[in-house]
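What follows is the residue order along each chain.
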Amino acid sequence: VPQSCHIGPFVQIAAGVVLGERVTIVGNTSIGIGVRIGSDSILQPMCTIYHGCEIGARCIIHSSTVIGADGFGFAPDFSATAGEWVKIPQTGRVVLEDDVEIGSSSTIDRGAMHETRIGMGCKIDNQVQIGHNVQIGPYTVVAGCVGISGSTTIGSHCMIGGYASFAGHLTIADRTTISGG
């Protein structure tokens, strides 16, 4: 932890974490094993960054945001009498490139096997859900309450209106505007 960093009260920093210069981590935040956070980034209160994730330089993550939780990955196993859903291990990570801002109470799921990636300069509003393996190109903006299902690819410089939703495995071209709802 460089001396130029500010670490607030009740912050947990696990083994192997690497912080850049002037990182600010406000109170009640948890940083998992092996996380990397670039210089001048700010994590507001009560953020959770799961193991292995990477946050670029000059990122801002607002309160109560979760980066790197398991994606919604389940496979049916109906061989049993009652049938059940079996959890698929989520072994990837989340990468936020430089200058990304994530609003309060948003969640970005780790990749199932590879990574979920948010491109440079993206701005994500409050209460946005980004599923596993999603790729968002640079300088895209996403308004509040958007849900992006797993393995969706969104191009660069897109504008996504509030309360829009995406089925999984879609590809959205660069500079596309999606209206709210």
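Provided above is the structure to which this section pertains.
Residues numbered from 1 in each chain as written. Predicted model: local features only at pLDDT ≥ 70, side-chain atom pairs only at ≥ 80, totals over all residues. Heavy atoms only, no water.

*Asks:* Could you clarify how one ought to interpret the nonpolar core in this entry?
*Replies:* Here is a general trend for soluble globular proteins: nonpolar side chains tend to be buried in one another's company. The biggest cluster of nonpolar side chains holds 38 residues, and the ones touching the most others in it are Ile37, Ile49, Ile61, Leu96, Ile130 and Ile136. Excluding its chain neighbours within four sequence positions, the residues that come into contact with Ile49 are Ser30, Ile31, Gly32, Val35, Leu43, Ile55, Ile61 and Ile67. (Core = buried A, V, L, I, M, F, W, Y, C linked by side-chain atoms within 4.5 Å. Buried < 20%, exposed > 50% of the residue type's maximum accessible area, 1.4 Å probe, protein only. Contact = heavy atoms within 4.5 Å.)

*Asks:* Honestly, the packing of aromatic side chains in this entry has me stumped. Any pointers?
*Replies:* The geometry of two aromatic rings is summed up by the distance between their centres and the angle between their planes. Per the stated rule, a full pass over the model turns up two aromatic pairs. Where Phe72 meets Phe74, the ring centres are 5.2 Å apart and the plane angle is 65 degrees; that geometry is what we call edge-to-face. Exposure remark for Phe72: the relative accessible area of 71% places this residue in the exposed category. The interplanar angle of 80 degrees and the centroid separation of 5.8 Å between the aromatic rings of Phe78 and Trp85 together place this pair among those described as edge-to-face. What makes Trp85 exposed here is its relative accessible area of 55%. (Phe/Tyr/Trp six-rings, centres within 6.5 Å; stacked < 30°, edge-to-face > 60°.)

*Asks:* Is there a simple way to think about the sheet that holds strand β8 (residues 48–49) in this case?
*Replies:* Within a sheet, neighbouring strands are paired by backbone hydrogen bonds and run either parallel or antiparallel to one another. Overall, parallel pairing links the eight strands, which are arranged β2-β5-β8-β11-β16-β19-β22-β25 in an open sheet. Edge strands, defined here as strands with exactly one partner in the open sheet, are β2 (12–13) and β25 (165–166). Pairing of β8 with strand β11 (residues 66–69) involves two bridges; the strand directions are parallel. Across the sheet, Thr48 pairs through a bridge with Val66, a residue of β11. (Pairing = 2+ DSSP bridges. Helix = DSSP H or I, 4+ residues; strand = E, 2+ residues; numbered from the N terminus.)

From the geometry alone we can't say anything about function, so treat these as descriptive.
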